[in-house]
Amino acid sequence: MTATEISKLVGVTRATVSNWRKRHEDFPKPVGGTEFRPVFDWNAVQAWLADRGQDATEAPILSLRTVLRSSLSSDDARALLADLKPSGSGWVSPGSATTDALSRVLKTLARAAEAEGPQAALQALADHAHGSEQNIALYRTPELVAGLMANLLQPLEAGKGRVLDPACGGGSLLVAAAERGATELYGQDISEIQAALARLVVQAETEVDATIAAGDSLHDDAFPDLEVDAVLSSPPSLRDWAADRVHIDDPRWGYGTPGRTDSELAWVQHALAHLRPGGLAVLLLPAPVASKASGRRIRGSLLRAGALRAVVNLPPRLPQLLWTRLNLQIWILEKPDPGAAVPDSVLLVDTAPAAGEAAQSGVGDAVDWPPVADTVLRVWTAFVASRLAQAEEPNVSTVVRVVDLLDEEVDLAPGPRVKLAIDPGIVADEADSALARLRARVAELTHASEDVGQVAPISGPAWRTATISDLASGGAVRILRAQPSRPAAGKEEPRPALTGRDIATGSPPSGTVRGEPGSSAVDIEIGDVLVPTVRAPRGHTFRIAGPDEAGTALGPNVQLVRTDPRRLDPWFVAGFIGGLDDGPAPGTTAIHAALHRTRIPLLPLDQQQRYGEAFRRVHQLRAALAEVSAAVDQIAEVVTTGLVAGALEPAASSALNEDINDRRGGSE
C-alpha cells in the first residue's frame with residue numbers, strides 16, 4: 001500500500017503520513033516500490049495505527065489493490081484477467097492452479113465488486129495488469145457521457161439492437177447500450193488487457209455475452225464483414241495513425257482517404273462502414289475535427305452524402321472529461337440508405353448555455369449535467385422527427401442547410417452558427433432587460449457611494465490592539481478550517497461546500513464534501529467571517545456568512561473566524577482582516593492570508609458596531625461596482641451579438657447621426 005492510499009484510508013493528508021515516517025522510528029519500513037513511491041505492508045501499518053488509536057476505514061478497492069500488489073505480478077494479473085470466468089459468488093479462474101494467493105485475490109475481488117460494483121473491482125485488476133505501462137483506463141468514457149451517447153441511439157427495439165464499439169476500452173459504452181436494449185454486442189481494443197476487461201465488465205454488469213477481440217481496428221479489423229444497427233465509440237485521437245499502412249482503395253474510405261493526422265475521420269468512416277443502411281453511429285471526438293483544414297474535403301463528402309446528421313459541443317469544463325485538454329464533441333452519423341432521400345440539413349448544438357454560468361465563465365469545475373443531457377436529447381429527438389421549429393432553441397441549437405456549410409472551410413463548429421441563429425424579438429427583449437438591469441445597478445452604485453462617504457476625520461487612532469491568535473486564546477473568536485475528507489463509510493450524498501475561490505470571485509458554493517450535517521465537516525453559521533487562504537489582489541478579501549451560506553460545509557482554502565457576538569462585531573473584525581495590513585506585496589499576484597497575525601483594535605462593542613457598519617457600506621460599494629460591471633458585460637454581449645447576427649440594427653435617430661458626424665469631423 002502506498003503512502004497516498006494510507007492517507008485516504010485514515011483521512012489525513014499525504015504530508016501527515018510522511019511526518020509519521022520521519023518522526024516515528026517504529027513506523028513500518030517499506031516492503032517494495034521505489035525511493036520516491038514506497039510501498040508498505042498494510043497489515044503492519046494497520047497494527048501501527050491501532051496502537052495509536054487511529055481509525056483506518058475499510059475501503060474494499062484499496063484493499064484489493066493491496067492484495068494484488070502483494071500476491072500477483074503484473075504478468076500474473078494479465079493472465080488472470082484473460083482467464084476469469086463469472087461464477088455464482090464472483091469469479092473463478094479455470095486455467096490457473098489454485099493457490100493461497102489466488103484464492104485471496106478472488107475473495108477480495110468478490111468483496112470489492114459487491115461493495116463498489118463489478119466495473120470498479122475489475123478495473124483495479126486491469127490497472128495492476130498494466131503495471132508500469134501507461135494506464136489507458138484513465139481515458140474511459142464517463143458513465144454520464146456514455147449514457148447520453150447511448151440515449152441518442154434510441155429507439156433501439158428490444159432484442160434487435162446490434163451494437164459495435166471498435167475502440168471499446170473497458171466496455172463503458174457497450175454497457176450503456178445493453179442497458180438500453182442492445183442484445184448483440186461487439187467490441188475491439190488495441191490493448192489485450194482492455195479487451196479482456198471489457199468482456200468481463202459487460203458480462204458482469206449486463207449479463208450479455210459480448211464478442212470482444214484484441215487488435216488495432218483501423219489496421220486489423222476483427223469484424224470485417226460485420227454489419228450492425230449502431231456504433232458507439234470514444235476512439236483515441238492519434239497524432240499519426242499510420243495512414244501509409246492502409247490501402248488507398250480500402251472500401252472504408254468512400255468519403256476520402258484520411259491524412260496521417262486525421263485519425264478521427266478514419267474512425268468516422270470505419271464506423272459508417274460497419275453500419276446497415278439507416279444505422280446510426282455516435283462518436284465522441286475532439287472539437288478540432290470539425291474545423292481542421294486537412295479534413296475539409298472528407299467533411300464535405302459526409303455532408304453531401306447525408307451521412308453527418310448532428311454535431312454537439314460538450315461543456316468545456318466537464319470534470320469527468322478533464323483527462324484531455326481538448327474540448328470534445330459528439331458526432332451523430334447515419335449510414336445513407338440508397339432508397340431514401342438525402343438529408344439536406346444538419347443539427348448543430350452548443351451545450352455551454354445549458355451547462356450553466358459556471359461552465360461558461362470558467363468559475364469552478366462543476367457542470368450541471370442533467371440539463372445538458374436533457375437539452376441534447378430533446379433537440380435531437382425533435383430533429384429526427386422533422387419538428388425543426390422545436391429542434392432550434394435560441395443560443396443552444398440550430399438547423400443548418402447542408403449547402404450553407406459547403407464553403408471553402410466546411411467548418412462544422414456549432415458555436416458560431418448557433419450564435420448567428422437567433423430570434424430578433426428575443427434579442428431585443430434581452431437587450432431591454434439588460435439595459436434595465438444596468439440602470440438599476442448604476443442607481444445602487446450611486447446610493448452605495450453616498451452611504452460610504454459618511455465618515456469624519458480624526459487626529460489619529462490611539463488604539464490598543466491584539467492579534468487574532470491572541471483573541472482566539474482568550475475565547476473571543478474561534479478559527480476553523482475544513483478537515484481532510486475521510487472515505488465514505490456508506491453512500492452519503494455529497495454536500496455543497498464553499499471554497500476559497502468562491503469567496504474571491506463572489507460565487508455561490510461550487511465545492512462538495514461527503515457526510516451529513518454534524519459530521520466531521522465544518523458547518524458555516526450566520527455571521528461567520530470567511531477568509532480565503534490564497535487570493536488574488538483584486539478578489540474579495542472576505543465574506544460574511546448569511547442565510548444563503550448557513551448550513552453549507554466549509555470547503556478547501558478557506559479559514560473561518562467565528563466571533564463571540566457579546567465581545568466582537570463580525571463586520572468590525574472582517575473589515576480589519578481585509579484592511580491595509582492584509583494587502584499583497586508589491587509585484588506579487590497573490591497572497592497567503594496571514595490571519596493569525598492580523599491585529600484587531602480593542603474597542604467597546606458599540607464603537608465596534610459603528611466601524612462594522614462603515615466596513616459593511618464599503619463592502620456593499622464594491623459589490624455594487626461588481627454588479628455594474630457584470631451588467632455592462634451582459635448588455636455589451638447582447639447588443640454586439642445582435643448586431644453581428646443581423647437581429648438588431650442601430651436606431652436611425654437624428655441625434656445619433658449628428659453625433660457620428662461630429663466624431664468624423666462633421667460638415668459646416
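Looking at helix H8 (residues 143–151)
Logical step 1: With 7 of 9 residues buried, H8 is to be regarded as a mostly interior element.
Logical step 2: Taken as a whole, H8 has its buried residues at Val 145, Ala 146, Gly 147, Leu 148, Met 149, Ala 150 and Asn 151.

Thoughts on the sheet that holds strand E22 (residues 558–563)
Logical step 1: Pairing is antiparallel in the open sheet, where 4 strands are placed in the order E15-E22-E18-E20. The open sheet is flanked by strand E15 (477–481) and strand E20 (543–544), the only strands paired with a single partner.
Logical step 2: Looking at chain direction, E15 and E22 are connected through 5 bridges and run antiparallel. Its bridge partner being in E22, Arg 478 is matched across the sheet by Arg 562.

Some details on the pattern of salt bridges
Logical step 1: Enumeration according to the criterion identifies 21 salt bridges in this entry.
Logical step 2: For the salt bridge of Arg 65 with Asp 127, the shortest nitrogen-to-oxygen distance reads 3.4 Å. Within this pair, whereas Arg 65 is found in helix H4 (residues 60–71), its partner Asp 127 is found in helix H7 (residues 118–130), the two being separated by 62 residues in sequence.
Logical step 3: Residue Arg 65 is classed as partly exposed on the basis of its relative accessible area of 25%.

Examining unusual backbone geometry
Logical step 1: Positive phi, close to 60°, is recorded for Ala 242, a residue that is not glycine.
Logical step 2: For Ala 242, the position within the fold is in the loop between strand E8 (228–233) and helix H11 (263–273).
Logical step 3: In this structure, Asn 557 takes a positive phi of about 60° despite not being glycine.
Logical step 4: Inspection of the secondary structure puts Asn 557 in the loop between strand E21 (553–554) and E22.
Logical step 5: Its relative accessible area of 47% is what places Asn 557 among the partly exposed residues.

The rules we used
Residues numbered from 1 in each chain as written. Predicted model: local features only at pLDDT ≥ 70, side-chain atom pairs only at ≥ 80, totals over all residues. Heavy atoms only, no water. Buried < 20%, exposed > 50% of the residue type's maximum accessible area, 1.4 Å probe, protein only. Helix = DSSP H or I, 4+ residues; strand = E, 2+ residues; numbered from the N terminus. Pairing = 2+ DSSP bridges. Salt bridge = Lys/Arg side-chain N within 4 Å of Asp/Glu carboxyl O.

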